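# Structural overview for review
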Amino acid sequence: MKSTAPLLLALGLSLSPTMRADVAPPPSRFEKNSGNATIQKPVENKPAPESRDEADFLKAVKAGVQVTELGCMRATFVFDENAAEFETQVTEAFSDADFRVFSKGNVVQGRVEPKALHEIGNDRYADLVVYTTIAGREKPALGKLKLFEATCTMQVCNPMSEELLVSETARLEGKRHADEVEALRSATEGAVAAATKELIMKTLEKAHKILVHEAQLKGVEDHQQLLQIMEYTAKLKGVYHVRQMTYDKTTGLAVIEIIGAPQTESFWRAYLNNLPKREKWIIDVKHIRIVQNEKLRQKNPDWTK
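Residues numbered from 1 in each chain as written. Predicted model: local features only at pLDDT ≥ 70, side-chain atom pairs only at ≥ 80, totals over all residues. Heavy atoms only, no water.

## Description of the overall build of the protein chain
Across its full length, the protein chain holds 7 helices and 12 strands. Per-residue burial over the protein chain gives 48% buried out of 305 residues. Sequence separation of 24 or more characterises 77% of the internal contacts of the protein chain that already satisfy a separation of 6 or more. Of the accessible surface of the protein chain, which amounts to about 15,100 Å², a share of 50% is contributed by carbon and sulfur atoms. (Helix = DSSP H or I, 4+ residues; strand = E, 2+ residues; numbered from the N terminus. Buried < 20%, exposed > 50% of the residue type's maximum accessible area, 1.4 Å probe, protein only. Contact = heavy atoms within 4.5 Å. Areas by Shrake-Rupley, 256 points an atom, 1.4 Å probe, with all protein chains shown as cover.)

So, in structure tokens, the structure goes:
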């Protein structure tokens, strides 16, 4: 079923305190990989999804490291043809919930297999793939008043493992209306809004205490040293994925993403002090900077407890 006109109303989702559970969220689904994280190196000749400028702190030193908390995990989105018009509403809802939303969503025909979602996610360096479908049917009219029922199914997959993390289906009967477009809109908008709200809450529970950290390392001599650093990072408690973003051997600047639990500044300083060293790569307290995401930490004061 395709809508016959653009849908005009926003989803109006809110993650207000009244929607949050009164009990502590369960352990993150990703914690099972803690200390045995996966490592992802870029495909040859494939550009990184984001340009990464050298941190100001590093411009004045020959060797140094800055670790920055970027935010919640990056999500990319896939829509079937019927759900494509809801792209803005769905992506804005995830962005409002502090997920990092990148890349224009993919519109696909027919059923998408997990392997295809895995490929889409990895192509976009995504941590999560959100797949949305919508279908509907017309129900018996009451005189000239039309009535539709819509079903929206949304799934969140882990592109690294092809694992289905969260699934939510919402079925909603719209309001009778003499205008077929209005009758259809009331059903489809309601179903997408309901599914998106529940999916976000479930995803936040599964991804509880998981952040993307950017580590910029200046003075890295070669690819072997960078690999050693990534392998060391992958063994840290609370880390579940390490991704190489960029490396310029001319400048010695490497950028990696570390997906894992929020940590204290002392944790990161200990991590940096124990990085695999090279004779010319001397890192001390003057060459280290930790940039925490204060906005997210204020919203989640229990993260480092």
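What follows continues from the structure just given.
## A word on the confidence of the model for the protein chain
The predicted model of the protein chain has a mean per-residue pLDDT of 81, with 84% of residues at 70 or higher. Below a pLDDT of 50 lies the segment residues 1-26, which in the model reaches 53 contacts outside its immediate sequence neighbourhood of four places, other chains included. (pLDDT = per-residue confidence, 0-100.)

## Quick look at the nonpolar core
Across soluble globular proteins, nonpolar side chains have a tendency to be buried as a group. Membership of the largest hydrophobic core comes to 39 residues, with the highest contact counts inside it found for M73, V90, F94 and V130. Elements that contribute at least two residues to this core include exactly β3 (74-80), α2 (87-96), β6 (128-142), β7 (145-158), β8 (163-173), α4 (180-206) and β9 (211-218). For this core, the element with the highest residue contribution is α4, accounting for 8 residues. In terms of nonpolar packing, the next biggest core, distinct from the first, is built from 26 residues, A234, L236, V242 and L272 among them. (Core = buried A, V, L, I, M, F, W, Y, C linked by side-chain atoms within 4.5 Å.)

## With respect to the sheet that holds strand β12 (residues 288-291)
Taken together, 6 strands build an open sheet; the order of strands is β1-β10-β11-β9-β2-β12 and the sheet is mixed. One side of each edge strand has no neighbouring strand; the edge strands of this open sheet are β1 (38-40) and β12. For this sheet, the mean inter-axis angle between neighbouring strands, taken without regard to orientation, is 15°. Along the sheet face, helix α6 (residues 265-273) touches β2 (64-71), β9, β11 (253-260) and β12 and points at about 145° away from the line of β12. (Pairing = 2+ DSSP bridges. Axes fitted to C-alpha atoms, helices over the stretch in contact; angles between N-to-C directions.)

## Focus: the pairing of strand β10 (residues 239-248)
Note on strand geometry: in a regular strand, side chains alternate between the two faces of the sheet. The buried fraction of β10 is high, at 8 of 10 residues. In the sheet, β1 pairs with β10 via 3 bridges, with the strands oriented parallel. From the neighbouring strand, Q40 faces β10, where its bridge partner is R243. The pairing of β10 with β11 spans 8 bridges and is classified as antiparallel. Of the residues in β11, the one forming a bridge with R243 is E257. Here β10 hands over to β11 after 4 residues, with G252 in that stretch at a positive phi of 75°.

## Section: the side chain of T233
Tracing the backbone through its elements, the reader meets T233 in helix α5 (residues 223-234). By relative accessible area, T233 is classed as buried at 0%. Ignoring any residue separated from it by four or fewer positions in sequence, one finds T233 in contact with V239, V242, I256, I258 and Y271.

## Things to note about unusual backbone geometry
Located in the positive-phi region is D98, a residue other than glycine, with phi close to 80°. In this structure, Y125 takes a positive phi of about 50° despite not being glycine. Inspection of the secondary structure assignment puts Y125 in the loop between α3 (114-123) and β6.

## Looking at the pattern of salt bridges
This structure, assessed with the given rule, holds 12 salt bridges. Residues K218 and E54 are paired through a salt bridge, measuring 2.9 Å at the closest nitrogen-oxygen approach. Taken together, the residues span a long stretch of sequence, with K218 in strand β9 and E54 in the loop between β1 and α1 (56-59) at a distance of 164 residues. For E257, the salt bridge is made with R74, and the minimal N-O distance between the two is 3.1 Å. Residue E257 is located in strand β11, and its partner R74 is located in strand β3; the two are separated by 183 residues in the primary sequence. A single network of salt bridges, built from pairs that share partners, joins R74, R100, D127, R243 and E257. (Salt bridge = Lys/Arg side-chain N within 4 Å of Asp/Glu carboxyl O.)

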